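Architecture at a glance
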Amino acid sequence: MSFNPCLVVPVYNHGPLAARTVPALLAFGLPLFLVDDGSSPEHAAILDALSASHPQVRLVRHAQNQGKGGAVMTGLRAAYEAGFSHGLQVDADGQHALDDVPRFLAAAEAEPQALIAGRPQYDGSVPKGRLYGRYLTHFWVWVETLGFHIQDAMCGFRVYPLAETVALLDSARLGKRMDFDIEVMVRLDWAGVPIRQLQTKVIYPEDGASHFQGLRDNWLISKMHTKLVLGMLWRLPKLLGRRLEKARHWASAEERGSRLGMKCLWQAYRLFGRPGFRCLLYPVMGYFFLFGQSRRHSMDYLRRFYLANGPTPELPRYPSLWDGFRHHLAFGEAILDKLAAWAGDIQVGRDLSFPGQGWLNQIKQSGRGALLIGAHLGNLELCRALSDTPMTVLVLTENAAKFNSLLAEINPGARLNMLQVTELGPDTAMLLRQRIDAGELVVMVGDRTSASKAGHTVAVPFQGAPAPLPIGPWVLAHVLECPVYLLFCLREGRGHRLYLEPFALDGIKLPRKQRAQQLGQLAGQYSRRLAWYCRKAPLQWFNFFDFWRADEGRPQDKSQ
């Protein structure tokens, strides 16, 4: 079937608003199905006038109000029976940016089998309760679809492929009210219909009237999510097979949703606090443990650790799958601690002890900064305990700008700056040297290699086998000519302990003739200290990839 779109507009007691929205839509030259969902006589009269004055308008009427979902279903069925291939649905109340209609239609024409849906970009008019409440639905949709590819399932600005959608309406009984938008998207995803989302502005007009009824509609949405979760479990083998087929595409995808994901987590933390957020960790971490590659790498690390160190309080016996799940839960707790640290909810003395305070005072008294080398052990974000000293954190991913802006939103007073470093060029070295001379701290990890600098490693023993560690920290220390410290932060009991210890107080020098030997010695010294701290908290080392594999340009791990 050729691309033959139309417009579908559900209306319930929005006569004056529809009188503005409908003519604006007709400017795009498409037939329009106007569905009157049992409006009162005065509003119905306005819709009759619109239909009489515009030949492109086909008015369909419900004798009684069925709900938005019922009106949309009626409009989509009418459009399909009239021979149209796609139905672009917008609300009549003026919330949606009609200037985006051509962009949505172009996306549907380019991929006619897909559902094209809006991803809202709100302004200050959005009610905060409605905004924050959406994050709970986001979470359940991710569970129901086994993925994060649906970023918003509630926006009513969409282009439906009519054949696929009407087939779904014929085979399943969908909710007819505010639960419809969510359920139809999840079920279309289950049916294998691609979901594509375009960012679009959404406003709440001052003269608009919402038909969302808190108790009734929240009950319907809760009931719908219960039904969808049960439906997901029944379809689990099929959905898992589909996700596994796409795994190679996930591996090469950009982390374009990472900032949105962190914002969702932040809103969940604000809404539910620490106890409520912790409840979410079990299903989320369980999903990644069961279906992700992280389980295999977690078990490999835990087994290596046990064979190299023997029983410890946290790992008293040979690791089981339960220990692997505990490892994932510890990672989830670390995410929770990051949010708490960013929000300023973790305080030195009450929640965090700092036995290395004397070394920090010595750095301050010197007038120059220092290079602090950490690891993916524990929670380096809690180094915000040092926030009275400006700090630059070097990261290997391309998300430094995203996280800087997110941190500025959460805590504008944080004196923490993330700087992406894919390679240490002269400009970067000069910038960092200036910051060190100004008394700032530069922080980086010593147990993660860069995908763009494969081969810049040295093999040293770690947990009973040679492992490739980067040479970047030691080369940077040589360039900066400053003291070097090791920095680790571990969860101990209900609090945290921040460890700061000297590594090379006189700096690091790499003579040309002994360069390779010196780099091996420095990496080995670091590896021994990292192993010592791992013995204190074996479940808090979070490198979920094949750490011991030879460095041959492996894909960069993006677990953090």
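Residues numbered from 1 in each chain as written. Predicted model: local features only at pLDDT ≥ 70, side-chain atom pairs only at ≥ 80, totals over all residues. Heavy atoms only, no water.

Time to look at the overall build of the protein chain. Looking only at helices and strands, the protein chain features 18 helices and 16 strands. Within the protein chain, contacts between residues separated by at least 24 positions form 79% of all contacts whose residues are at least 6 apart in sequence. Total accessible area on the protein chain stands at roughly 25,200 Å², and carbon and sulfur atoms take up 55% of it. (Helix = DSSP H or I, 4+ residues; strand = E, 2+ residues; numbered from the N terminus. Contact = heavy atoms within 4.5 Å. Areas by Shrake-Rupley, 256 points an atom, 1.4 Å probe, with all protein chains shown as cover.)

A few words on the sheet that holds strand β4 (residues 86-89). Strand order in this open sheet of seven strands is β3-β2-β1-β4-β6-β5-β7, and the pairing throughout is mixed. For this open sheet the edge positions go to β3 (57-62) and β7 (195-202), each flanked by a neighbour on one side alone. Strand-to-strand, the axes of this sheet are offset by a mean angle of 25°, without reference to chain direction. Sheet topology places strand β1 (residues 5-11) next to β4; four bridges connect them, and they run parallel. Considered in β4, the bridge of Leu-7 is made with Leu-88. The sheet strands contacting helix α3 (residues 68-81) are β1, β2 (32-37), β3, β4 and β6 (158-161), and the helix crosses β2 at an angle near 145°. Where helix α6 (residues 162-171) meets the sheet, it contacts β4 and β6, and its direction lies at approximately 75° from that of β6. (Pairing = 2+ DSSP bridges. Axes fitted to C-alpha atoms, helices over the stretch in contact; angles between N-to-C directions.)

Both faces of the sheet carry side chains from a regular strand, because those side chains alternate between them. Most of β2 sits inside the fold, with six of its six residues counted as buried. Neither face of β2 is open: one carries Leu-32, Leu-34 and Asp-36, the other Phe-33, Val-35 and Asp-37, and all of them are buried. Two strands pair when backbone bridges link them, and β1 and β2 are joined in this way by five bridges, in the parallel orientation. Bridge pairing links Val-11 to Asp-36 in β2. The β-α-β motif built from β1, the intervening helix α1 (residues 15-26) and the parallel element β2 has right-handed crossover chirality. Pairing geometry for β2 and β3, over six bridges, is parallel. By the bridge assignment for β3, Asp-37 is matched with His-62. Remark: the β2/helix α2 (residues 41-53)/β3 crossover connection has right-handed handedness. (Buried < 20%, exposed > 50% of the residue type's maximum accessible area, 1.4 Å probe, protein only. Right-handed = clockwise from strand over helix to strand, strands pointing away.)

Across all of its chains, the model carries 25 aromatic pairs by this definition. When the centroid spacing of 4.9 Å and the interplanar angle of 85° are considered together, the rings of Trp-532 and Tyr-533 count as edge-to-face. Classification of Trp-532 as partly exposed rests on a relative accessible area of 36%. Through successive ring pairs, a cluster of aromatic residues spans Tyr-301, Phe-305, Phe-462, Trp-541, Phe-545, Phe-547 and Trp-548. (Phe/Tyr/Trp six-rings, centres within 6.5 Å; stacked < 30°, edge-to-face > 60°.)

Of the residues in the protein chain, 81% reach a pLDDT of 70 or more, and the chain-wide mean stands at 83. Residue range residues 247-258 is modelled with pLDDT below 50. Its contacts to residues more than four positions away, or to other chains, number 10 contacts. (pLDDT = per-residue confidence, 0-100.)

Here we come to the packing of α3 against α6. Put simply, α3 and α6 touch, their axes get as near as 10 Å, and they point 125° apart. Relative to α6, α3 is oriented oblique. Note on packing geometry: the crossing formed by α3 with α6 is left-handed. Across from Met-73, Leu-76, Arg-77, Ala-79 and Tyr-80 in α3, the residues of α6 making contact are Leu-162, Ala-163, Thr-165, Val-166, Leu-169 and Asp-170. Tallied by class, residues from the contact of α3 with α6 come to eight nonpolar, one polar and two charged. (Parallel < 35°, antiparallel > 145°, perpendicular 65-115°, else oblique. Left-handed = near helix turned anticlockwise from the far one by under 90°. Nonpolar A, V, L, I, M, F, W, Y, C, P; charged D, E, K, R; others polar.)

Counting buried positions along helix α7 (residues 180-190) gives 11 out of 11 residues, so the element sits mostly inside the fold. When we look at burial in α7, the residues that qualify are Phe-180, Asp-181, Ile-182, Glu-183, Val-184, Met-185, Val-186, Arg-187, Leu-188, Asp-189 and Trp-190. Immediately downstream of α7, the backbone of Gly-192 shows phi near 90°, a positive value.

Right, let's talk about helix α16 (residues 426-437) for a bit. In this model, α16 (12 residues) spans 16 Å end to end at C-alpha, consistent with the 16 Å of a helix rising 1.5 Å per residue. Among the residues trailing α16, Gly-439 stands out with phi positive, at a value near 95°. (Expected span 1.5 Å × (residues − 1).)

Topologically, Gln-197 is positioned in strand β7. Filtering out sequence-adjacent residues up to four positions away, Gln-197 remains in contact with Ala-117, Gly-118, Arg-119, His-149, Ile-150, Gln-151, Asp-152 and Met-185. From its side chain, Gln-197 meets the backbone nitrogen of Gln-151 in a polar contact 2.6 Å long. Among the polar contacts listed, one links the side chain of Gln-197 to the backbone oxygen of Asp-152, at a separation of 2.6 Å. (Polar contact = N/O pair within 3.5 Å; in protein donor to acceptor, adjacent residues only side chain to side chain.)

Quick look at the pattern of salt bridges now. Across all of its chains, the model carries 18 salt bridges by this definition. As a salt-bridge pair, Glu-481 and Arg-433 come within 3.0 Å of each other at their nearest N and O atoms. Of the two residues, Glu-481 is situated in the loop between α17 (472-480) and β15 (484-492) and Arg-433 in helix α16; the sequence distance between them amounts to 48 residues. Of the charged contacts, one joins Arg-497 and Glu-492 as a salt bridge, the two residues approaching to 3.1 Å between their closest N and O atoms. Residue Glu-492 is classed as partly exposed on the basis of its relative accessible area, which comes to 32%. By sharing partners, the salt bridges in this structure join Arg-368, Arg-433, Asp-437 and Glu-481 into a single network. (Salt bridge = Lys/Arg side-chain N within 4 Å of Asp/Glu carboxyl O.)

The next subject is unusual backbone geometry. For Asn-13, which is not a glycine, the phi torsion comes out positive at approximately 55°. Tracing the backbone shows Asn-13 in the loop between β1 and α1. Even without a glycine there, the phi angle at Glu-481 is positive, about 55°. Accessibility expressed as a relative area gives 52% for Glu-481, which makes it exposed.

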